[in-house]
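# Remarks on the overall topology
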Amino acid sequence: KGLIRTEHGKGSYVQSLDAMGDTGPLRHLFSTQPRTLFDLLEVRVLLEAEAARLAAMRATTADLIMIRRHYEAWQQAQSGGSISASADEHARRDHAFHRSINEASHNPVLVHMLESLGELMLSTVYASVRHLYVRADTKATIDMHHSSLFKAIEARDPQAAQQAARLHVMEVRESLRELE
């Protein structure tokens, strides 16, 4: 399976996951079928909305601190309303904010499912940053969604958190579809 790399005369080493490349069926589907982006966003709506609802109910004080840190780091990268960091950095900060919410759900199965889709989900966030952040109106909507999501979780309002997460991913999906 390529998990071990052997170098003659030197030894055997555990292969870096990055070096192995993801040959799983989802990665293959995503790389060969562009429409899979929209399918993945549909899955994000389902899973992240539930993660947000659970996070609003179950987040510990430490979870809320992490969510706030990631939210503020994402905001900081956008100081002055312009993109001051690279698109890759923005995508990683945006994704980290969403991951901190997922982890605060304290549902290990849900967290594992979302983590197993991690790189693919980061790809959807990257697509959003590359194609939607450059449109001022769409960027303002994304900012508003993140703010609503953050505030709902901080206020421990499960329904508002679920709705904010659902609306955010659905509108990103529709905005990307319009661009298509």
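Residues numbered from 1 in each chain as written. Predicted model: local features only at pLDDT ≥ 70, side-chain atom pairs only at ≥ 80, totals over all residues. Heavy atoms only, no water.

## Some remarks on the side chain of Glu 48
Note the cut-off: Elements are defined by DSSP. Helices are runs of H or I of four residues or more, strands are runs of E of two residues or more, and each kind is numbered from the N terminus. Whenever two N or O atoms come within 3.5 Å, that pair is a polar contact, provided that in protein one can donate a hydrogen and the other can accept it, and provided that, for residues adjacent in sequence, both atoms are side-chain atoms. Throughout, a contact is declared for two residues whenever any of their heavy atoms are within 4.5 Å.
If you trace the backbone, Glu 48 turns up in helix H3 (residues 36-58). Within the structure, the side chain of Glu 48 is placed 3.2 Å from the side chain of His 98, a separation counted as a polar contact. When sequence neighbours within four positions are dropped, the list of residues in contact with Glu 48 reads His 98, Asn 102, Leu 114, Met 121, Ala 165 and Val 169.

## Structural notes on the pattern of salt bridges
For side chains of opposite charge, pairing can occur when their charged atoms come near one another. So the rule is basically this: Each reported salt bridge corresponds to a side-chain nitrogen of Lys or Arg within 4 Å of a carboxyl oxygen of Asp or Glu. Type-normalised accessible area, obtained with a 1.4 Å probe on protein chains alone, sets the label of each residue: buried when under 20%, exposed when over 50%, and partly exposed for intermediate values.
Across all of its chains, the model carries 11 salt bridges by this definition. In this structure, the salt-bridge partner of Arg 68 is Glu 72, at a minimum N-O distance of 3.1 Å. Of this pair, Arg 68 and Glu 72 are both found in helix H4 (residues 61-76), 4 residues apart, which corresponds to roughly one turn of the helix. Looking at Arg 68, the relative accessible area reads 32%, which means it is partly exposed. A salt bridge links Arg 93 to Glu 89, with the nearest nitrogen and oxygen atoms 2.7 Å apart. Separated by 4 residues within a single helix, Arg 93 and Glu 89 lie in helix H5 (residues 87-103), roughly one turn from each other.

## Re H4
This is how it is decided: Multiply 1.5 Å by the residue count of a helix minus one, and that product is the helix's expected span. In this description, the arc belongs to the directions extending from the helix axis to the C-beta atoms.
Over its 16 residues, H4 extends 22 Å from the first C-alpha to the last, a length consistent with the 22 Å expected when each residue adds 1.5 Å. Buried residues of H4: Asp 63, Leu 64, Ile 67, Tyr 71 and Trp 74, and no others. On an axial view of H4, the arc spanned by its buried residues comes to 95°, and they lie on one face. Residues of H4 that are exposed and point more than 90 degrees away from the buried face comprise Thr 61, Arg 69 and Gln 76. Lining the buried residues of H4 we find H3, H5 and helix H8 (136-154).

## Comments concerning the nonpolar core
One recurring pattern in soluble globular proteins: nonpolar side chains tend to sit buried together. Going by this rule: To define a nonpolar core, start from buried Ala, Val, Leu, Ile, Met, Phe, Trp, Tyr and Cys residues and group those joined through side-chain atoms within 4.5 Å.
If you look at the biggest cluster of nonpolar residues, it comprises 35 residues, and the most contacted ones within it are Ala 52, Ile 67, Phe 97, Ile 101, Leu 149, Ile 153 and Leu 176. Elements with a contribution of two residues or more to this core: H3, H4, H5, helix H7 (118-132), H8 and helix H9 (158-179). In this structure, Phe 97 is in contact with Ile 67, His 70, Tyr 71, His 146, Leu 149 and Phe 150, ignoring residues within four places of it in sequence. Grouped together as the second largest cluster of nonpolar side chains are 9 residues, Ala 51, Leu 54, Leu 114 and Leu 120 included.

## A look at the packing of aromatic side chains
Filter applied, for reference: Working definition: a ring pair exists when centres of Phe, Tyr or Trp rings (six-membered ring for Trp) sit within 6.5 Å. Plane angles under 30 degrees give stacked, over 60 give edge-to-face, the rest tilted. Consider the ring centre and the ring normal. A charge sits over the ring if Lys NZ or Arg CZ is within 6 Å of that centre and within 35 degrees of that normal.
For the structure on display, the rule yields 3 aromatic pairs. Its guanidinium or amino end placed over the ring of Tyr 133, Lys 139 lies 4.6 Å from that ring's centre, counting from NZ or CZ. Its end group placed over the ring of Phe 38, Arg 177 keeps NZ or CZ at 4.6 Å from the ring centre.

## Some thoughts on the packing of H5 against H7
How we decide: Between N-to-C directions, angles cover 0 to 180 degrees, with each direction set by a line fitted to C-alpha atoms, over the stretch in contact for helices. To sort the angles, those under 35 degrees are grouped as roughly parallel, those over 145 as roughly antiparallel, those from 65 to 115 as roughly perpendicular, and the leftovers as oblique. Should the near helix be turned anticlockwise from the far one by less than a right angle, the crossing is termed left-handed; should it be turned clockwise, right-handed.
Relative orientation of the contacting elements H5 and H7 amounts to 125°, with a least axis distance of 9 Å. Taken together, H5 and H7 sit at an angle that is classed as oblique. The handedness of the crossing between H5 and H7 comes out as right-handed. Between H5 and H7, the contacting residues are Ala 87, Asp 88, His 90, Ala 91, Arg 92, Asp 94 and His 95 on the first element and Gly 118, Met 121, Leu 122, Val 125, Tyr 126, Val 129 and Arg 130 on the second.

These values are about where atoms sit, not about what they do.
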